[in-house]
Each structure stands twice: as structure tokens, then as C-alpha cells.
Amino acid sequence: MPRLVPAWLGASLRPVFGYHRLDADRDRVAVKPEYLNPDTLAPPAAPFTYVVKCGSTAYLAGHVAFDEDNKVVGAGDARRQAEQCWDNIELAVEGAGGTLANVVKIQVFLKDIRFAEAEQAVRVERFRRIRTPLPACTLVEVSNLGTPELLMEIDAVAVID
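Residues numbered from 1 in each chain as written. Predicted model: local features only at pLDDT ≥ 70, side-chain atom pairs only at ≥ 80, totals over all residues. Heavy atoms only, no water.

1. Overview of unusual backbone geometry
Keep this limit in mind: A helix here means a DSSP run of H or I that spans at least four residues, while a strand means a run of E at least two residues long, and both kinds are numbered starting from the N terminus. Each residue gets one of three labels from its accessible area relative to the maximum for its type: buried under 20%, exposed over 50%, partly exposed in between, using a 1.4 Å probe on protein chains only.
One non-glycine residue, Asn70, adopts positive backbone phi at about 60°. Note that Asn70 resides in the loop between strand S6 (57-63) and helix H2 (78-95). Its relative accessible area of 26% is what places Asn70 among the partly exposed residues.

2. Side note on the packing of aromatic side chains
Going by this rule: Here a pair means two rings of Phe, Tyr or Trp (six-membered ring of Trp) with centres within 6.5 Å. Their orientation is stacked below 30 degrees between planes, edge-to-face above 60, and tilted elsewhere.
In the structure shown here, the tally under the stated rule is two aromatic pairs. Aromatic pair Phe48 and Tyr50: ring centres 5.4 Å apart, planes at 85°, arrangement edge-to-face. For the ring pair Trp86 and Phe127, a centre distance of 5.5 Å and an interplane angle of 90° mean the geometry is edge-to-face. In this pair, Trp86 is assigned in helix H2 and Phe127 in helix H3 (residues 116-130), connecting sequence segments 41 residues apart. Of the two residues, Trp86 and Phe127, neither departs from the other in class, the shared state being buried.

3. Quick notes on H3
Filter applied, for reference: One less than the residue count of a helix, multiplied by 1.5 Å, gives the span that helix is expected to have. Whether two residues are in contact is decided by their heavy atoms: any pair within 4.5 Å suffices.
Between its first and last C-alpha atoms H3 spans 21 Å; for 15 residues at 1.5 Å apiece the expected length is 21 Å, and the two agree. Along H3, the residues classified as buried are Ala116, Ala118, Glu119, Val122, Arg123, Arg126 and Phe127. Close packing links the buried residues of H3 with H2, strand S7 (103-110), strand S8 (136-141) and strand S9 (152-159).

4. Thoughts on the nonpolar core
Within soluble globular proteins, side chains that are nonpolar generally end up buried alongside one another. For clarity, the threshold we go by: The criterion is simple. A nonpolar core is a set of buried Ala, Val, Leu, Ile, Met, Phe, Trp, Tyr and Cys residues joined through side-chain atoms within 4.5 Å.
Among the nonpolar cores identified, the biggest contains 29 residues, and Val51, Leu60, Trp86 and Val103 are the most heavily contacted of them. Among the elements of the structure, S6, H2, S7, H3 and S9 are those that each provide at least two residues to this core. Counting residues per element, this core draws most heavily on H2, which supplies seven residues. In this structure, Ala65, Phe66, Leu145 and Leu150 belong to the second largest nonpolar core, which totals five residues.

5. Considering the sheet that holds S8
Put simply, the rule is: Strand pairing is defined by DSSP finding a minimum of two bridges between the two strands. Note on geometry: axes are C-alpha line fits, over the in-contact stretch for helices, and angles between N-to-C directions span 0 to 180 degrees.
Read from one edge of the open sheet, six strands run S4-S5-S6-S9-S7-S8, paired in mixed fashion. Each edge of the open sheet is held by one strand with a lone partner, namely strand S4 (34-36) and S8. Taken over all neighbouring pairs, the strand axes of this sheet differ in orientation by 15° on average, direction set aside. Taken together, the three bridges between S4 and strand S5 (residues 51-54) define a ladder with antiparallel strand orientation. By the bridge assignment for S5, Glu34 is matched with Lys53. Along the sheet, H2 contacts S4, S5, S6, S7 and S9; its crossing angle with S9, the most-contacted strand, is approximately 30°.

If you want it as C-alpha cells, here you go:
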């Protein structure tokens with residue numbers, strides 16, 4: 001069934017009383033998601049995929065301070081955990097065909113808001129090495145990250161040509 005959309009959405013659609021007819025079957029562009037678990041990362045420790053790429057957009061799952069054996073790195077050390085999270089994000093985005101420079105949005109989940117300074121310092125160092133400005137960011141404090149030793153988790157969205 002065709003949908004009616006405002007005329008200003010596109011001159012290439014047929015006008016119908018100030019609206020254009022959008023034939024969903026004819027005008028829809030199919031984008032098939034790619035589900036990626038890069039070999040450079042340990043297999044996911046839970047049922048999820050590290051990266052889902054839809055067209056040029058890559059959605060990265062939350063990354064924590066796990067090493068290649070899914071062991072916690074830097075227990076009690078917020079800076080060391082931030083470094084490991086960002087190492088893992090870099091490996092994930094590279095597995096999707098991009099680099100850290102392709103990251104446009106992040107969400108940071110901290111077990112204690114006082115860890116923000118350590119995470120932000122690591123983030124600024126990483127991005128200042130490659131480019132400015134920094135990606136958009138949401139930062140929140142959470143009560144639990146699934147494993148008591150984990151202090152933070154960071155997920156990301158990247159646009160990869």
C-alpha cells in the first residue's frame with residue numbers, strides 16, 4: 001500500500017494534492033546488515049555480535065576491559081581499563097573496514113562517575129593523535145556492568161566509506 005509523504009521530501013516522487021506518493025516496494029533500497037566478529041578480538045563472552053554494519057554505518061557493541069582471553073584487564077585501575085576498552089574498539093572498527101577516525105558517536109557507561117576523568121583522558125589522547133573534533137558522546141553512571149571488576153563499557157557508531 002503506498003504511503004503519502006509531504007511534497008518537500010522529494011521532487012522525484014509523483015505529487016498527489018501537495019503530497020508525493022511513496023511506493024514502498026518500488027522506492028525502497030534494501031540494506032542487508034553484515035554481522036562481524038573480528039578475529040582480532042576474543043569470541044564474545046555473551047550472545048551478541050561485536051559489529052553490525054548496515055551500509056556505511058557500523059554499530060559497535062559495548063566494549064569492556066577484556067583481553068584476548070576474555071579476562072579482565074586492570075582490575076581497580078580506571079585508566080588501564082579505559083585503554084583496553086579503546087584498544088578493543090579500535091580492533092572492532094578495523095574489523096569492519098574502518099579506523100578510529102570513522103567513529104562519530106560513543107556511549108560511555110561508568111560504574112562510578114569519578115572514573116570519567118580517566119576515560120576522557122584516554123579518549124582525548126587517542127582522538128587527538130588522529131584528528132579533531134572528538135565524536136559525539138553520552139556518558140552515564142550505571143550500577144553494574146555484569147562483572148564486579150569492570151569499571152566501564154564503551155559502545156560506538158562509525159561511518160565507514
